[in-house]
Amino acid sequence: AQKALKDAYQDYFPVGVAVAPRNLSGPEAELIVRQFNSITPENAMKMGPIHPEPDRYAWEAPDAIVAFAQQNGMKVRGHTLCWHNQTPKWFFTDAAGKQVTREVLLERLKQHITDVVSRYKGRIYAWDVVNEAVPDTGTAIYRPSKFYEIIGEDYIEKAFEYAHAADPSAKLFYNDYNTESSAKRAKIFELLKKLKAKNVPVHGVGLQGHWSVYEPSEAELQESISRFASLGLAVQITELDVSIHAKEHGRRELTEADKTVLTPEILAKQAAQYEMLFKIFRKNRGVLTGITFWNVSDKTTWLDNFPVRGRKDYPLLFDEKLQPKAYFNRIVDF
Ligand code: G3I
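Residues numbered from 1 in each chain as written. Predicted model: local features only at pLDDT ≥ 70, side-chain atom pairs only at ≥ 80, totals over all residues.

Trainee: Explain the overall build of the protein chain residue by residue, including any values.
Mentor: A count of helices and strands for the protein chain gives 11 helices and nine strands. Its C-alpha atoms give the protein chain a radius of gyration of 20 Å, within 12% of the compact-globule value 20 Å for 334 residues. Counting only residues that meet the buried cut, the protein chain has 42% of its 334 residues in that class. Of the contacts made within the protein chain by residues no fewer than 6 positions apart, 76% connect residues no fewer than 24 positions apart. (Helix = DSSP H or I, 4+ residues; strand = E, 2+ residues; numbered from the N terminus. Rg over C-alpha atoms; globule rule 2.2 N^0.38 Å. Buried ≥ 20, exposed ≤ 12 C-beta atoms within 10 Å, placed from the backbone. Contact = placed C-beta atoms within 7 Å.)

Next comes the structure, spelled out in structure tokens:
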């Protein structure tokens, strides 16, 4: 019988998957339980979804995901406590619609993080505390988000401190994408170095791993892992997928070329890319403490329509019928 991902990698790292509550029943649930031993809520624990109004938390979806994990002996990675995206407007404004002060925003951040982390204390082993705080371009280390503009750069260390106080055993991560671009990697490195120097309770870095059949190269990936590990941080790949399309920034219209489907040629490229990635992951045993795929199968992936509306993507190991792709054995037999 074909090996499952979680069994193939049991001596290396947990293998996880990002889920929505709708994935947790039927054939998708079976696939998740058979293949993976860790899950991440894709959206359910983000500020907007979990805390839609000042005095209201929406616990139903995140509770269901955590309960599913517990019933099936899986770990949970929490995602995410502080992000400029998917944060409700109310967070930054008072009742009159005026922007809140640093003190008020810090208090809200503290309350939010304390409430969410405490609820799942002991059940979520790792948290993406701050997500994507570093901009892709330019030389500035800090993305000019509302958190940064209103609080200042110390919103990041505060977020880690609040999370650590609420669950001292949870492993706390800084999570970002494009971590293989040398310019952005250098800025993230500076940020993490500063946090470590100040004894901020940051324990790991999440390399999201939104890659493609064209990137990253083996050398770029190894450099990222080694560089961050040199800070004494655990490294995890937190949002793995391998797009069949070249990475682009900014939305645009669909063209004929975008209608390319999964040809044998592209499938072979994807196989080679995944083989390379897992070879490097295995090589970094002990340093890499988790690998999580972003979505279950090609049936639904966040990359559909992104950044090109109408374009389909096929970035995962399981196809639209939830079957392992033809090259799957090369990932689990090594
Ligand atoms: O739930 C609402 C629904 O009520 C509404 O009718 C519908 C209309 O658009 O939207 C639904 O919300 C969508 C949500 O996904 C749930 O499906 C949002 O519009 C949509 O923006 C949101 O996208 C998520 C995206 O983060 C937001 O930036 C993706 O599912 C999710 O995969 C993606 O995940 C991020 C990670 O958190 C951080 N790293 C990058 C990664 C990919 O962008």
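Anyway, onward from the coordinates.
Trainee: Tell me what's going on with the UniProt feature "active site" (unreviewed entry) in the protein chain, and back it up with residues and numbers.
Mentor: In this numbering, the UniProt entry assigns the feature "active site" (unreviewed entry) to Glu239. With respect to the helices and strands, the residue glutamate 239 is situated in strand E8 (residues 234-243). The exposure class assigned to glutamate 239 is buried, which follows from the 24 C-beta atoms found within 10 Å. Glutamate 239 has contacts with Ala18, Gln208, Gly209, His210, Thr292 and Trp294, leaving out every residue within four places of it along the chain. (UniProt positions renumbered as here; feature names shortened; annotations may be inferred.)

Trainee: Mind laying out the site of the ligand, listing which residues take part and the relevant values?
Mentor: Close to the ligand lie Glu42, Asn43, Asn85, Gln86, Asn131, Tyr177, Gln208, Glu239 and Trp302. Of the residues belonging to the shell around the ligand, the class tally is two nonpolar, five polar and two charged. (Near = placed C-beta within 6 Å. Nonpolar A, V, L, I, M, F, W, Y, C, P; charged D, E, K, R; others polar.)

Trainee: Summarise the environment of threonine 263; cite the residues concerned and give the values.
Mentor: For threonine 263, the position within the fold is in the loop between E8 and helix H10 (264-283). Its 10 C-beta neighbours within 10 Å are what place threonine 263 among the exposed residues. Note: C-alpha distance between threonine 263 and valine 205 (58 residues apart in sequence) is 35 Å.

Trainee: Lay out the pairing of strand E5 (residues 171-176) in plain terms, naming residues and giving numbers.
Mentor: Here is the key point about a regular strand: its side chains alternate between the two faces of the sheet. Burial within E5 is extensive, with five of its six residues counted as buried. Strand direction decides the pairing type here: strand E4 (residues 126-131) and E5, joined by five bridges, are parallel. For asparagine 131, the partnering residue across the bridge sits in E5 and is asparagine 175. Taken together, the four bridges between E5 and strand E6 (residues 204-207) define a ladder with parallel strand orientation. (Pairing = 2+ DSSP bridges.)

Trainee: Can you lay out the nonpolar core for me, pointing to particular residues and giving the numbers?
Mentor: Ile113, Trp127, Val129, Ala159 and Ala163 are the most contacted members of the largest nonpolar core, which totals 82 residues. No other element matches the seven residues that helix H7 (residues 155-166) contributes to this core. Discounting chain neighbours no more than four positions away, the residues touching isoleucine 113 are Leu81, Ala159, Tyr162, Ala163 and Ala166. (Core = buried A, V, L, I, M, F, W, Y, C linked by C-beta atoms within 7 Å.)

Trainee: I'd like a description of the packing of helix H5 (residues 102-119) against H7, backed by residues and values.
Mentor: Interhelical geometry of H5 versus H7 gives an angle of 35 degrees and a closest axis separation of 8 Å. Read as a crossing pair, H5 and H7 show a hand that is right-handed. Across the interface between the two elements, Leu106, Leu109, Lys110, Ile113, Thr114, Val117 and Ser118 of H5 pack against Tyr155, Lys158, Ala159, Tyr162, Ala163 and Ala166 of H7. Each residue belonging to the contact of H5 with H7 can be placed in one class, and the counts come to nine nonpolar, two polar and two charged. (Axes fitted to C-alpha atoms, helices over the stretch in contact; angles between N-to-C directions. Left-handed = near helix turned anticlockwise from the far one by under 90°.)

Trainee: I'd like to hear about the environment of tyrosine 9, residue by residue, with values.
Mentor: Among the secondary structure elements, tyrosine 9 is positioned in the loop between helix H1 (5-8) and strand E1 (15-19). By the C-beta count within 10 Å, which is 21 here, tyrosine 9 ends up buried.

Trainee: Talk me through unusual backbone geometry; I want residue IDs and the actual numbers.
Mentor: Residue histidine 79 is joined to threonine 80 through a cis peptide bond whose omega torsion reads -5 degrees. Mapping threonine 80 onto the fold places it in strand E3 (residues 75-83). Along the chain, phenylalanine 306 connects to proline 307 via a cis peptide bond; the corresponding omega equals -5 degrees. By the secondary structure assignment, proline 307 is in the loop between strand E9 (288-293) and helix H11 (328-332). One non-glycine residue with positive phi stands out, namely leucine 322, at about 70 degrees. Structurally, the position occupied by leucine 322 is in the loop between E9 and H11. Here leucine 322 falls in the partly exposed class, since 15 other C-beta atoms lie within 10 Å of it.

Trainee: Lay out the confidence of the model for the protein chain with the relevant residues and their values.
Mentor: Put simply, the protein chain has an average pLDDT of 97, and 100% of its residues get 70 or more. In the predicted assembly, ipTM is 0.95 and pTM is 0.97. (pLDDT = per-residue confidence, 0-100.)

Trainee: Mind laying out helix H9 (residues 218-229), listing which residues take part and the relevant values?
Mentor: For H9, built from 12 residues, the straight-helix expectation of 16 Å at 1.5 Å per residue is met to within 8% by its first-to-last C-alpha distance of 17 Å. Leu221, Ser224, Ile225 and Phe228 are the residues of H9 that are buried. Angularly, the buried residues of H9 cover 90 degrees about the axis, an arc narrow enough to put them on a single face. Residues of H9 that are exposed and point over 90 degrees away from its buried face: Ala219 and Ser226. The inward-facing, buried residues of H9 abut helix H8 (182-197), E6, E8, H10 and E9. (Expected span 1.5 Å × (residues − 1). Arc of directions from axis to C-beta.)

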